[in-house]
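Structural overview
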Amino acid sequence: MQKYFSGGKAQLAVLAAFFANGAMMATWVARIPFVQSHLGMSKGTLGVVLLGLSFGVLSALSLTGGLIARYGSPRVTLAGALGMGLMLPLLLLAPSAWALFVVLFVFSAFMSSMDVAMNEQAVLVEHQNGRVMMSSFHAFYSIGALTGSLISAGVADLAGFPAVLHAALAGLIFGGSMLLCYPHFIPAIPEKERQPVAFRLPERAVWLIGLMAFCAAVTEGAMADWSGVYLIDIFRTDAGFAALGYAAFSLTMTAGRLLGDTISNWRTPAFIVRLSGLAAALGLLVLVFSPSAPLSILGFAMVGLGLSNVIPLLYRAGGNLPGISAGVGIAGVASIGYSGSLIGPPVIGFVAQHASLRVSFLLVALLVGSLFISGRRVEVQTESISSQED
């Protein structure tokens, strides 16, 4: 474990940022069934409302590269964390589906800005320490998501503990922790190198990487947005058990990412992405054909393991493209990838409304399985990092 904490205070601060982002996102995910029931939303309506999450992400990503260039990734990371923490309890206080849509838009805008900024910090820490570390950072996002899921599952079973209070405490603790980490982030770029904030489309070089991220994002979004609803709708489980689906997904994703940097030094990125797509597709098939809730948990676990290192590899690729700054490259990959979150929720909800969630998940299995073919094109230009490893 020493290698995960050997990069100094900057590494620890970035690890904490990934953890906090994952924990706050998981707190919301675990409460989706509660919000759906509280507002009396159908699966179709929920799918439309979740578009607020996707619109917020994509709207922020179109500006985040410029924000980072103008203000630096430390400030953007801090602002994103504090904004997420503030919005988290408001998600549970929304009085209607449309109000929830608006709050989700703002929450996800803060989330995606923090996401890109902390990933640029991760790239900077990699170069500062001269070794591959990206999967380790993303592992701490998964650890945060697992922590948030398990806390949410426990709190859901506590009679009389208000869901809004739980969300407020999570926002205060996880979002506020970035105030302590902020002084240890790698400093912003010099004033003379800053660029104005402006809308920009992804560079051509990131499109192929982004399309693969799109497939992974649709699948990960399906697990985040629909895991609890799937278990309740298909197997009639209670809210506590339903939270375990995303917890299993997060647990195996964490394990995969903790081993990711070692695997990246053993196998090529193309091999890892192709195998990952195949494993995730098989996990979804287990979910689709599972006859029981306990067996479906295995399916969620397989999907998490399969997806564990896809996004870290693709973000590293985007952050190391020649002639493109790390922030702009990562934002470009994220913009295309997160568009999967824009398309995924309404399509899954529409298909579920007219067929079933099993059919929706079968379509997602076909999509992520395509990585077995497209993954052979992945090239990650990190030789300068790898060559410096001891």
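Everything numeric here is computed off the predicted structure, so don't read it as measured data.

So, the confidence of the model for the protein
With 90% of its residues at a pLDDT of at least 70, the protein reaches an overall mean of 84. This model gives residues 190–194 a pLDDT under 50, and the stretch forms 6 contacts once residues within four places in sequence are excluded. Note that pLDDT drops below 50 for residues 380–390; the model gives that stretch 22 contacts with residues more than four away or on any other chain.

Topic: the pattern of salt bridges
Counted according to the given criterion, the structure contains 2 salt bridges. For arginine 316, the salt bridge identified is with glutamate 126, shortest N-O distance 3.6 Å. Linking arginine 316 in helix α15 (residues 310–319) with glutamate 126 in helix α6 (residues 97–129), this pair joins segments that are 190 residues apart in sequence. Arginine 316 gets classed as buried once you look at its relative accessible area, which sits at 3%. In this structure glutamate 126 comes out as buried when scored by relative accessible area, which is 0%. The salt bridge involving aspartate 261 is made with arginine 316; its shortest N-O contact spans 3.5 Å. Residue aspartate 261 is located in helix α12 (residues 260–264), and its partner arginine 316 is located in helix α15; the two are separated by 55 residues in the primary sequence. Accessibility classification places aspartate 261 together with arginine 316 in one group, the buried group. Sharing partners across several salt bridges, the network here consists of Glu126, Asp261 and Arg316.

Regarding the packing of aromatic side chains
For the structure on display, the rule yields 8 aromatic pairs. Centre to centre, the rings of phenylalanine 18 and phenylalanine 137 are 5.8 Å apart; their planes meet at 25°, and the pair counts as stacked. Within this pair, whereas phenylalanine 18 is found in helix α1 (residues 8–30), its partner phenylalanine 137 is found in helix α7 (residues 134–156), the two being separated by 119 residues in sequence. One exposure class covers both phenylalanine 18 and phenylalanine 137, and it is buried.

Some remarks on the environment of glycine 260
Among the structural elements, glycine 260 can be located in helix α12. For glycine 260, a relative accessible area of 1% corresponds to the buried category. Each residue touching glycine 260, except ones within four places of it in the same chain, is listed here: Ser135 and Asn309.

Looking at the layout of surface pockets
Roughly 280 Å³ of volume is contained in the largest pocket. Ile263, Leu275, Ser276, Leu305 and Asn309 are, among the 15 residues lining the largest pocket, the residues nearest its centre. Broken down by secondary-structure element, the contributors of at least two residues to the lining of the largest pocket are α11 (239–258), α13 (269–289) and α14 (293–307). Per-element tally for the lining of the largest pocket: the top contributor is α13, with 5 residues. Residue classes in the lining of the largest pocket are distributed as 9 nonpolar, 5 polar and 1 charged.

Details of the packing of helix α5 (residues 73–93) against α6
For any two helices packed against each other, one specifies the crossing angle of their axes together with the interaxial distance. For the pair α5 and α6, interaxial distance at closest approach is 8 Å and the crossing angle is 150°. Compared by their axis directions, α5 and α6 come out roughly antiparallel. In this structure, α5 meets α6 at a crossing whose hand is left-handed. Along the lines of polarity and charge, the residues of the contact of α5 with α6 split into 19 nonpolar, 6 polar and 1 charged.

Here's the deal with helix α8 (residues 163–176)
With 14 residues, α8 should reach 20 Å at 1.5 Å per residue; the first-to-last C-alpha distance of 19 Å fits that figure. Along α8, the residues that are buried comprise Ala163, His166, Ala167, Ala170, Gly171, Phe174 and Gly175. One side of α8 carries all its buried residues, which in axial view fall inside an arc of 130°. Exposed and oriented more than 90 degrees from the buried face of α8 are Leu172 and Ile173. Contacts made by the buried residues of α8 are with α1, α2 (32–39), α5, α7 and α9 (178–181).

Rules of the game
Residues numbered from 1 in each chain as written. Predicted model: local features only at pLDDT ≥ 70, side-chain atom pairs only at ≥ 80, totals over all residues. Heavy atoms only, no water. pLDDT = per-residue confidence, 0-100. Contact = heavy atoms within 4.5 Å. Salt bridge = Lys/Arg side-chain N within 4 Å of Asp/Glu carboxyl O. Helix = DSSP H or I, 4+ residues; strand = E, 2+ residues; numbered from the N terminus. Buried < 20%, exposed > 50% of the residue type's maximum accessible area, 1.4 Å probe, protein only. Phe/Tyr/Trp six-rings, centres within 6.5 Å; stacked < 30°, edge-to-face > 60°. 1 Å grid on protein atoms, 1.4 Å probe; cavity = no way out; pocket = protein on both sides within 12 Å on 5 of 7 lines; lining within 4 Å. Points joined across faces, edges and corners; volume = space filled by probe spheres on them. Nonpolar A, V, L, I, M, F, W, Y, C, P; charged D, E, K, R; others polar. Axes fitted to C-alpha atoms, helices over the stretch in contact; angles between N-to-C directions. Parallel < 35°, antiparallel > 145°, perpendicular 65-115°, else oblique. Left-handed = near helix turned anticlockwise from the far one by under 90°. Expected span 1.5 Å × (residues − 1). Arc of directions from axis to C-beta.

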